[in-house]
Amino acid sequence: MKPNLLISGCLSGQPVRYDGAARLLEHASLARWQAEGRVIAFCPETAAGMPIPRPAAEIACGGDGIAVLDGRDHVYEITGRDVSAQFVEGAHKALEMARRHNCALALLMDGSPSCGSSFIYDGQFSGTRHAGQGVTTALLQRHGITVYAPAQFSLLEAAMD
């Protein structure tokens, strides 16, 4: 049986990013998987009730999603508001959705404090990146779901087909 794929809502064309935009990823393989009913689009931030648009958010002090899940770090909006609880809630809702639809794999938007898998931003709102995972990626991986970034699409294709 071929695996199902959880995909960031913004990559599927939904305007759910913090700035109200989408980051549509167009690829023949992705279109085929969608036609086969194997793709589940989901935005953890909006699932947790965060508005569109919303202030930019980053994980503080160069931390990562693992530290947020373990209560050792926090996610802050550029306004200074702590939104860690919403990011953790969204991550749990993503895990629930992945389990409900038997998604063994995920394709998530890199850089996001929720969905980043190879890099996230440093918490200073300076545009500086560092290696790390967002909160949703960390939780999905903790539960055995393999997460890919768009730059890893060829690896995802091999796992999906």
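Details of the structure are given in the entry above.
On a predicted model such as this, the values are computed, not experimentally measured, just so you know. (Residues numbered from 1 in each chain as written. Predicted model: local features only at pLDDT ≥ 70, side-chain atom pairs only at ≥ 80, totals over all residues. Heavy atoms only, no water.)

J.: With reference to specific residues and values, describe the state of the cysteines.
T.: For the structure shown, the criterion picks out zero disulfides. In this model Cys 103 remains outside any disulfide bridge; the closest cysteine sulfur is found in Cys 115, 13 Å from its own. For Cys 103, a relative accessible area of 5% corresponds to the buried category. (Disulfide = S-S within 2.5 Å. Buried < 20%, exposed > 50% of the residue type's maximum accessible area, 1.4 Å probe, protein only.)

J.: Got a sec to walk through the packing of aromatic side chains? Specific residues and values, please.
T.: Here the structure, examined in full by the defined rule, presents two aromatic pairs. Between the aromatic rings of Trp 33 and Phe 153, the centroid separation amounts to 5.6 Å while the plane-to-plane angle is 25°, which identifies the pairing as stacked. Placement of the pair is Trp 33 in helix 1 (residues 28-35) and Phe 153 in helix 6 (residues 153-160), with a sequence separation of 120 residues. Both residues of the pair, Trp 33 and Phe 153, belong to the buried class. (Phe/Tyr/Trp six-rings, centres within 6.5 Å; stacked < 30°, edge-to-face > 60°. Helix = DSSP H or I, 4+ residues; strand = E, 2+ residues; numbered from the N terminus.)

J.: Could you give an account of helix 5 (residues 135-142), naming the residues involved and the relevant values?
T.: For helix 5, the buried fraction is high: six of the eight residues fall into the buried class. Within helix 5, the full set of buried residues consists of Val 135, Thr 136, Thr 137, Ala 138, Leu 139 and Leu 140. Just downstream of helix 5 lies Gly 144, where phi reads positive at about 85°.

J.: Tell me about the sheet that holds strand 2 (residues 39-42), residues and numbers included.
T.: Strand order in the open sheet made by the four strands is 2-1-5-8, with parallel pairing throughout. Two strands close off the open sheet at either side, each with one partner strand: strand 2 and strand 8 (146-148). Neighbour-to-neighbour, the strand axes of the sheet open up by a mean angle of 25°, direction not taken into account. (Pairing = 2+ DSSP bridges. Axes fitted to C-alpha atoms, helices over the stretch in contact; angles between N-to-C directions.)

J.: Outline the packing of helix 1 against helix 6, listing residues and values.
T.: One can describe the packing of helix 1 onto helix 6 by two numbers: an axis separation of 11 Å at closest approach and a directional angle of 35°. Our pair here, helix 1 against helix 6, has a crossing hand that is left-handed. Counting all contacts with helix 1, which are made through Ser 29, Leu 30 and Trp 33, the residues of helix 6 involved are Phe 153, Leu 156, Glu 157 and Met 160. Here the residues of the contact of helix 1 with helix 6 are counted per class, giving five nonpolar, one polar and one charged. (Left-handed = near helix turned anticlockwise from the far one by under 90°. Contact = heavy atoms within 4.5 Å. Nonpolar A, V, L, I, M, F, W, Y, C, P; charged D, E, K, R; others polar.)

J.: So what's going on with unusual backbone geometry? Residues and values would help.
T.: Here the residue pair Ile 52 and Pro 53 is connected by a cis peptide bond, since its omega of -10° sits within 30 degrees of zero. Secondary-structure assignment places Pro 53 in the loop between helix 2 (44-47) and strand 3 (57-59). Non-glycine residue Asn 102 carries a positive phi angle of around 55°. Its place among the elements puts Asn 102 in the loop between helix 4 (84-100) and strand 5 (103-107). Classification of Asn 102 as exposed rests on a relative accessible area of 60%. A positive phi angle is found at Phe 125, which is not glycine, with a value near 55°.

J.: Give a description of the nonpolar core that names residues and reports values.
T.: Ranked by size, the top nonpolar core spans 27 residues in total, and within it Leu 6, Val 75, Phe 87, Ala 106, Val 135 and Leu 140 carry the most contacts. Listing elements by their share of this core, those giving two or more residues are strand 2, strand 3, helix 3 (65-69), helix 4, strand 5 and helix 5. If we skip the residues at most four places from it in the chain, Phe 87 touches Glu 45, Met 50, Ala 57, Val 75, Pro 113, Ser 114 and Val 135. Listed in part, the 16 residues of the second largest apolar core include Ile 7, Cys 43, Tyr 148 and Leu 156. (Core = buried A, V, L, I, M, F, W, Y, C linked by side-chain atoms within 4.5 Å.)

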